[in-house]
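# Reading the structure
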Amino acid sequence: MRTITTTEDLATYCALAKTQPFVTIDTEFLRERTYWSRLCLIQMALPGAGEAVLIDPIEGPGMSMEPLYDLFRHEDTVKVFHAARQDLEIFFVEGGVFPKPLFDTQIAAMVCGFGEQVGYETLVKKIARADLDKTSRFTDWSRRPLSDAQKEYALADVTHLRVIYEWLAAQLQKNGRADWVAEELAVLTDPATYTVAPDDAWQRIKTRTTSGRFLAVVKALARFREAYAQGQNVPRSRVMKDDALLELASTRPTTAEELGRSRLLLREGRKPEIAEGILAAVREGLEMRPEDVPRIETSRDQMQVNPALADLLRVLLKAKSESLGVAPRLIASSADLDLIAAGDRDVAALHGWRREAFGDDAIRLCKGEIALSAKGSEVRVVRL
């Protein structure tokens, strides 16, 4: 089990990887105490019986990741991950780069009939016909030295991935769904997926209150929290949790004494620099100009759902998902079906590969152009 800790050794390995059709990659990281994930380990493996290595930025603090980023930019070698989103966020934040071309075995497995958000262990068992040693699953990957058992556990995340990738790539070629996967991967390589602008942070907070002034304070508090958390690299919850933020937007304290009466604000949030920021944000929200006050889109909430049509769409979705061998929720959520039944056409299920798989017939059903017929346990689409 070779561990790379120098830029020179990393460059040599990545140069070898560039000569290969693909390379499998995984990371180990910690995020419990930081806003941004802390990269602790990278695992890589070459095709077949090619060498698998560990790349350790903790043991090699002076090691540059540029050779790896250069490999990411090399378009003749496919970079294979499983459930890549958090891995990609690390590389985007630290290096401003996305691996291209990219292959995510979790996404590929979902469109090949393995269900929704299928786990790596499941694919190892069903495709690689192997078992994973779970004893190191809850390792603190920031602690050194790593034991041989921990290293073997980490390497298993990329060695079995080689077989899984080759099997899934062949399946996609057979079933013609490579474009489906490419469409989903485009979201993973979009910088907007990983960028949270402080001005937009309020949109992630769930509230049923639509009062303009309340939302103005929510927006100001959320902006302060996001900017502070990013700047200090601490979790949002260390500044204040959502329930505390909503409480403060309701009580709107303007003095330290009033802030001290908060029931939900944790001790961390009462530190002077955070407390002052909270009070300033409340004032900002109270003084926000009417044109800057946020508004919640209510048009969708006011749409009238046809319950009978929604039920028919659910039957259609079940029939389509069974015939395609794809998990229903990968195609459309229950909320999507309600929106379609209410007349909304700006729904993910009606665009891209989902339109081909389900959306076109869903619209035809809404227009009365098709009907559903049951024969035994089979549901058929009947054109009218």
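Our subject is the structure listed above.
One structure accompanies this document, and this report is about it. As the structure is a computational prediction, the values presented were derived from the model and not from experiment. (Residues numbered from 1 in each chain as written. Predicted model: local features only at pLDDT ≥ 70, side-chain atom pairs only at ≥ 80, totals over all residues. Heavy atoms only, no water.)

### Concerning the pattern of salt bridges
Note that side chains of opposite charge can pair when their charged atoms are close. Applying the stated rule across the entire model yields 26 salt bridges. The salt bridge partner of R225 is D242, with a shortest N-O separation of 2.9 Å. Placement of the pair is R225 in helix α8 (residues 212–232) and D242 in helix α10 (residues 242–251), with a sequence separation of 17 residues. On the accessibility criterion, R225 (6% relative accessible area) is buried. We classify D242 as partly exposed; its relative accessible area is 35%. Residue R314 pairs with D338 through a salt bridge whose shortest N-O separation is 3.2 Å. Placement of R314 in helix α13 (residues 307–324) and of D338 in helix α15 (residues 334–341) is noted, with a sequence separation of 24 residues between them. Several salt bridges converge on common partners, so that one network encompasses E121, K125, K134 and R137. (Salt bridge = Lys/Arg side-chain N within 4 Å of Asp/Glu carboxyl O. Helix = DSSP H or I, 4+ residues; strand = E, 2+ residues; numbered from the N terminus. Buried < 20%, exposed > 50% of the residue type's maximum accessible area, 1.4 Å probe, protein only.)

### Side note on the sheet that holds strand β2 (residues 22–30)
Reading across from one edge, β1-β4-β3-β2-β5-β6 is the order of the six strands in this open sheet, with mixed pairing throughout. Where the open sheet ends on each side, the last strands, each with one partner, are β1 (2–4) and β6 (102–104). Each neighbouring strand pair of the sheet contributes to a mean axis angle of 30°, computed without reference to strand direction. With three bridges joining them, strand β5 (residues 78–81) and β6 adopt parallel strand pairing. From the neighbouring strand, K79 faces β6, where its bridge partner is L102. Along the sheet, helix α3 (residues 85–95) contacts β2, β3 (38–45), β5 and β6; its crossing angle with β2, the most-contacted strand, is approximately 85°. (Pairing = 2+ DSSP bridges. Axes fitted to C-alpha atoms, helices over the stretch in contact; angles between N-to-C directions. Contact = heavy atoms within 4.5 Å.)

### Brief notes about the pairing of β2
Most of β2 sits out of view: eight of its nine residues are buried. Judged from the three bridges that link them, β2 and β5 form a sheet pairing that is parallel. Its bridge partner lying in β5, F22 is registered against V78. Sheet analysis places β2 next to β3, joined by seven bridges and oriented antiparallel. Residue pairing across strands places F29 opposite L39, the latter belonging to β3.

### Considerations on the packing of aromatic side chains
Tallying each qualifying case throughout the model produces 13 aromatic pairs. Plain terms: the ring middles of F22 and Y165 are 4.6 Å apart, the flat faces sit at 55° to each other, and that makes the pair tilted. Remark: Y165 occurs in helix α6 (residues 148–175) and F22 occurs in strand β2; sequence separation between them is 143 residues. Using a relative accessible area of 4% as the deciding quantity, one classes F22 as buried. Note on W141 and Y153: the rings are 6.2 Å apart at their centroids and 20° apart in plane angle, and the pair reads as stacked. Pair noted here: W141 is in the loop between α5 (120–126) and α6 and Y153 is in helix α6, with a separation of 12 residues, a long-range link. Of the two residues, W141 and Y153, neither departs from the other in class, the shared state being buried. (Phe/Tyr/Trp six-rings, centres within 6.5 Å; stacked < 30°, edge-to-face > 60°.)

### A closer look at the packing of α13 against α15
The packing of two helices is summarised by the inter-axis angle and the distance between the axes. Relative to each other, α13 and α15 sit at 130°, their axes nearing to 9 Å. In terms of axis orientation, α13 runs oblique to α15. Relative to α15, the crossing made by α13 is right-handed. For the pair α13 and α15, the contacting residues are L309, A310, L313, R314 and L317 in the first and S334, L337, D338, I340 and A341 in the second. In terms of residue class, the contact of α13 with α15 is built from seven nonpolar, one polar and two charged. (Parallel < 35°, antiparallel > 145°, perpendicular 65-115°, else oblique. Left-handed = near helix turned anticlockwise from the far one by under 90°. Nonpolar A, V, L, I, M, F, W, Y, C, P; charged D, E, K, R; others polar.)

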